[in-house]
Amino acid sequence: MQKFSILIAGCGEVGCALAVTLAQQHRVYGLRRSTEQLPPAILPIAADLLMPQTMQVLPSADILVYCAAPSFTTEEIYTQTYVDGLRNVLDALEKPPAHIFFTSSTGVYHQDDHQWINERSITLPTTKRAKIMLAAERQVLASGSAATVVRFSGIYGAQRLHLLNQVRSGKVFCASPVQYSNRIHLDDCAAVLAHLINKLANLESIAPLYLASDHLPSPISEVMSWLATATNTQVEEVASSRKTSSKRCDNSLLLDSGYRFIYPDFKAGYQKIIADQRQIF
């Protein structure tokens, strides 16, 4: 296995989890505004992706993982985070990385009729934020370096509990109209990226685009009802879902690459979260 120098730009939850895994085999740098929360195994770089003057000295990197997340969801912040921030990092590096990984979102897909989608599906985003994300993907793929975009579906985990907290408040969504939803556990997000990077380290080829989502796309009403039962929550409100899209993500290409999910469906992932919370409380 080759040993890489890896720069993770925007080293938040996913980046830190990835870095801990990669640091066992590679030299890993974590770039973020405040580095106090970085695990000890990661070499810290205190810099702001939106302020080029803070990135005047960056180490050379074989691999750049760009996994920034916007602090706010305005169009301006999206553009600054996903388009300008990446350009700032690339400009600050002495030489282009051999390979760039860019974490994107299945939000770039517009399909809303419950159909299955994959890497070959047409993307015609209807929101400005999704259009910005798609533009950022294209910037990465046209950068001149080899590049891989990973489109994650809805990320949940021990610190990402919006849906679970909503259910615990007594609210679920009604079953009609059907709205399919897709998820991936944060641990799998990091593991997917580590898997692809290590394939490169083993001189194996990887695709320029992967859709990363677990095995079980499900109506959001079913997910919430299951969570209510799993947490012994009394449902007090059955609300209409805020229907924005309804699609089912096909992860076959990722599975064909050899990846095996830690949490293959929402039940496995949330069972672990709920069990861990019960131990704490």
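Please read these numbers as outputs of a predicted model, since none were measured by experiment.

Here the focus is the overall build of the protein. Counting its regular elements, the protein contains eight helices and 15 strands. Over its C-alpha atoms the protein spans a radius of gyration of 19 Å, differing by no more than 12% from the 19 Å that the globule rule assigns to 281 residues. In the protein, which comprises 281 residues, the proportion classed as buried is 53%. The contacts of the protein with a sequence gap of at least 6 include a subset with a gap of at least 24, amounting to 76%. On the protein, roughly 13500 Å² of surface is accessible, and the fraction owed to carbon and sulfur atoms is 50%. The protein carries 25 positive and 24 negative side-chain charges, and their two centres are separated by 1 Å.

The subject of this paragraph is helix α2 (residues 75–92). Taking 1.5 Å per residue as the helical rise, α2 with its 18 residues ought to reach 26 Å, and the 24 Å between its terminal C-alpha atoms agrees with that figure. The principal kink in α2, of about 35 degrees, is found at Asp84. All buried positions along α2 are accounted for by Ile77, Tyr78, Thr81, Tyr82, Val83, Gly85, Leu86, Asn88, Val89 and Ala92. Its buried side turned inward, α2 meets β1 (5–9), β4 (63–66), β5 (99–105) and α3 (128–141).

Once that is clear, we can look at the sheet that holds β5. Taking strand neighbours across the sheet as the criterion, the seven strands line up as β3-β2-β1-β4-β5-β7-β12 in an open arrangement whose pairing is parallel. At either end of the open sheet lies a strand with only one pairing partner, and these are β3 (43–46) and β12 (209–212). In this sheet, adjacent strand axes meet at a mean angle of 20 degrees when their direction is disregarded.

Here we come to unusual backbone geometry. Glycine aside, residues mostly have negative phi, and peptide bonds are mostly found in the trans state. Residue Ser176 is joined to Pro177 through a cis peptide bond whose omega torsion reads 0 degrees. Look at Asn232: it is not a glycine, yet its phi comes out positive at around 55 degrees. A relative accessible area of 67% places Asn232 in the exposed class.

What follows deals with the pairing of β1. Two faces, one strand: in a regular strand the side chains alternate between the faces of the sheet. With five of five residues buried, β1 lies mostly within the body of the structure. Judged from the five bridges that link them, β1 and strand β2 (residues 27–32) form a sheet pairing that is parallel. Along β2, the bridge assignment pairs Ile6 with Val28. Taking the sense of rotation as the criterion, the β-α-β connection linking β1, helix α1 (residues 13–22) and β2 turns out right-handed.

Turning our attention to the nonpolar core. Judged by nonpolar contacts, the single largest core of 36 residues is most densely connected at Ile8, Val65 and Phe101. Contributions of two or more residues to this core are made by β1, α1, β4, β7 (146–152), α5 (186–201) and β12. Beyond its immediate stretch of four places on either side in the chain, Ile8 contacts Gly15, Leu18, Ala19, Val28, Tyr29, Gly30, Leu31, Val65 and Cys67. Formed by 35 residues, the second largest nonpolar core is a distinct cluster that contains Leu7, Ala61, Leu64 and Tyr66.

Here the focus is the packing of α1 against α5. Running from N to C, α1 and α5 cross one another at 50 degrees; their axes reach a closest spacing of 8 Å. As judged from the angle between their axes, α1 and α5 are oblique. Read as a crossing pair, α1 and α5 show a hand that is right-handed. Residues Glu13, Val14, Ala17, Leu18, Thr21 and Leu22 of α1 touch α5, and the partners they reach there are Leu186, Cys189, Ala190, Leu193, Ala194 and Ile197.

Next up on the list: the pairing of β2. Within β2, five of the six residues are buried, which leaves the element mostly enclosed by the surrounding structure. Both β2 and β3 contribute to a ladder of four bridges, which runs parallel. Residue pairing in the sheet places Tyr29 in a bridge with Leu43 of β3.

Turning our eyes to something else, we now look at helix α6 (residues 220–230). Buried within α6 are the following residues: Ile220, Ser221, Val223, Met224, Trp226, Leu227 and Ala228. Positive backbone phi, approximately 55 degrees, marks Asn232, located one or two places after α6.

Conventions we followed
Residues numbered from 1 in each chain as written. Predicted model: local features only at pLDDT ≥ 70, side-chain atom pairs only at ≥ 80, totals over all residues. Heavy atoms only, no water. Helix = DSSP H or I, 4+ residues; strand = E, 2+ residues; numbered from the N terminus. Rg over C-alpha atoms; globule rule 2.2 N^0.38 Å. Buried < 20%, exposed > 50% of the residue type's maximum accessible area, 1.4 Å probe, protein only. Contact = heavy atoms within 4.5 Å. Areas by Shrake-Rupley, 256 points an atom, 1.4 Å probe, with all protein chains shown as cover. Lys, Arg positive; Asp, Glu negative; His and termini not counted. Charge placed at Lys NZ, Arg CZ, Asp CG, Glu CD. Expected span 1.5 Å × (residues − 1). Bend = angle between axes of the 7 residues up to and from the residue. Pairing = 2+ DSSP bridges. Axes fitted to C-alpha atoms, helices over the stretch in contact; angles between N-to-C directions. Right-handed = clockwise from strand over helix to strand, strands pointing away. Core = buried A, V, L, I, M, F, W, Y, C linked by side-chain atoms within 4.5 Å. Parallel < 35°, antiparallel > 145°, perpendicular 65-115°, else oblique. Left-handed = near helix turned anticlockwise from the far one by under 90°.

That's the geometry; what it means functionally is another story.
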